[in-house]
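# Understanding the architecture of this molecule
Below, each chain spelled out in residue letters.
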Amino acid sequence: MKTRPMLTLDDCRRMSAAAEAEAKKNNWIVAIAILDDGGHLLHLIRMDGASPFNARTAIAKGKTAAETRRSTLVWEERIKAGRNSMLGMPKITPVQGGLPIVVEGVCVGGIGASGVQSHEDEQIVAAGIKALS
Amino acid sequence: MAFKPMFRGAAAASFAMFALGAVAQVPADPNNPNEALPEKAVYLQYGEPIKLDQAMKAANAALADATKRGWPMCIAVVSPSGDLVYFIKMDDCQYASIAIAQHKAKAAATFRRATVNFERLLGRGPFFSYLATLDGVIASRGGNPIVVNGKIIGAIGVSGGTGSQDDVVSLSGVAAIK
């Protein structure tokens, strides 16, 4: 039987804290969501001042990254390049700010942020992933 | 053909029922407690929405309790409007509880009462079955408002164990916020 790594609550807390620290360092107010590889919510924070929409968007970005095993920026770039039909992919959020969490070559989940500019959202989640290793 | 007149007859009968429904009233049942008209509205006032650090404090107190008892659970903390502020899924908690914990928190916040009330009233019988038709109800204990100085600032929802286990853990979270 094949075995593969999976995220624990402890992993999520470490990632989320690091991502939140990155946001706070820049005075950014965001929501940060972490999901498993099936797109199921494991951890979410909505910082004071972030909107309910930010929370939903953070989940949607993280879910897209987890389920498609690629950065949401990849989807955004594909569509920007003219592949408009990609908008028809089932339940994807093709907006930068969601990254897959890859451990030992396996996608174990996704992390998404929403609240500031999209590339800043990605900077936040990247800092979260860095805390995992 | 034989079925054609039968079909016509059925259509005519159902039309007659609708037509009657417009004029016929269902009489009040004197045993129905919902027929009573209370003088006053009893409700919790809204306070300043819960902050992330308070939400984490409540959830972490619930988490500590669940961990101590060995119950894998999901814990959600929401604002008074029912929007998610903080969420954690413990290792080995069932997938269904991800949504249920959020639903319980949202119901406790938006209805400004513990979800055990819905569960108990529905259990009382047919006069309370209407509760299940109200938008956003979840008739399962484990969702509780977080109240500070008599005002609701949010709610916490827990799922993963039996209803009674969920509620104990949920109330541990509530107790952490003064």
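In this text the structure is predicted, and so the values were computed from the model without any measurement.

## Remarks on the overall build of chain A
Of regular secondary structure, chain A possesses 4 helices and 4 strands. Mapped from its N terminus to its C terminus, chain A presents α and β elements in the order α-β-β-α-α-β-β-α. Against the compact-globule benchmark of 14 Å for 133 residues, chain A has a radius of gyration of 14 Å, which places it among compact chains. On the principal axes, the C-alpha backbone points of chain A span a range of 45 × 35 × 20 Å.

## Comments concerning the overall build of chain B
Scanning chain B from terminus to terminus reveals 5 helices and 5 strands. The helix and strand sequence of chain B, counted from the amino end, reads α-β-α-β-β-α-α-β-β-α. Taken across its 178 residues, chain B has 39% of its residues classed as buried. Pairs at least 24 apart in sequence give 69% of the contacts found in chain B among residues at least 6 apart.

## Quick word on the interface of chain A and chain B
At the junction of the two partners, chain A supplies 13 residues and chain B supplies 13 residues. For the side of chain A that touches chain B, the secondary structure elements donating two or more residues are strand S2 (41-46) and helix H2 (52-68) of chain A. A class-by-class count of the residues in the side of chain A that touches chain B yields 8 nonpolar, 3 polar and 2 charged. Strand direction decides the pairing type here: S2(A) and strand S3 (residues 84-89) of chain B, joined by 3 bridges, are antiparallel. Among the inter-strand pairings, A:Leu44 is bridged to a residue of S3(B), identified as B:Phe87.

## Description of the confidence of the model for chain B
Residues and elements named next belong to chain B. In the predicted model, chain B carries a mean pLDDT of 91, and the fraction of residues at 70 or more is 88%. Counted against residues more than four places away or in other chains, residues 1-18, with its pLDDT under 50, gives 0 contacts. For this predicted complex, the interface confidence comes out at an ipTM of 0.96, alongside a pTM of 0.91.

## Some thoughts on the nonpolar core
A:Ala31, A:Leu44, B:Ala59, B:Ala62, B:Ile75, B:Val77 and B:Ile156 are the most contacted members of the largest nonpolar core, which has 71 residues in total. Setting aside its immediate chain neighbours within four residues, B:Ile156 contacts B:Ala58, B:Ala59, B:Ala62, B:Ile75, B:Val77, B:Ala105, B:Asn144, B:Ile146, B:Ser170, B:Gly173 and B:Val174.

About the cut-offs
Residues numbered from 1 in each chain as written. Chains lettered and ligands numbered in written order. Predicted model: local features only at pLDDT ≥ 70, side-chain atom pairs only at ≥ 80, totals over all residues. Helix = DSSP H or I, 4+ residues; strand = E, 2+ residues; numbered from the N terminus. Rg over C-alpha atoms; globule rule 2.2 N^0.38 Å. Buried ≥ 20, exposed ≤ 12 C-beta atoms within 10 Å, placed from the backbone. Contact = placed C-beta atoms within 7 Å. Nonpolar A, V, L, I, M, F, W, Y, C, P; charged D, E, K, R; others polar. Pairing = 2+ DSSP bridges. pLDDT = per-residue confidence, 0-100. Core = buried A, V, L, I, M, F, W, Y, C linked by C-beta atoms within 7 Å.

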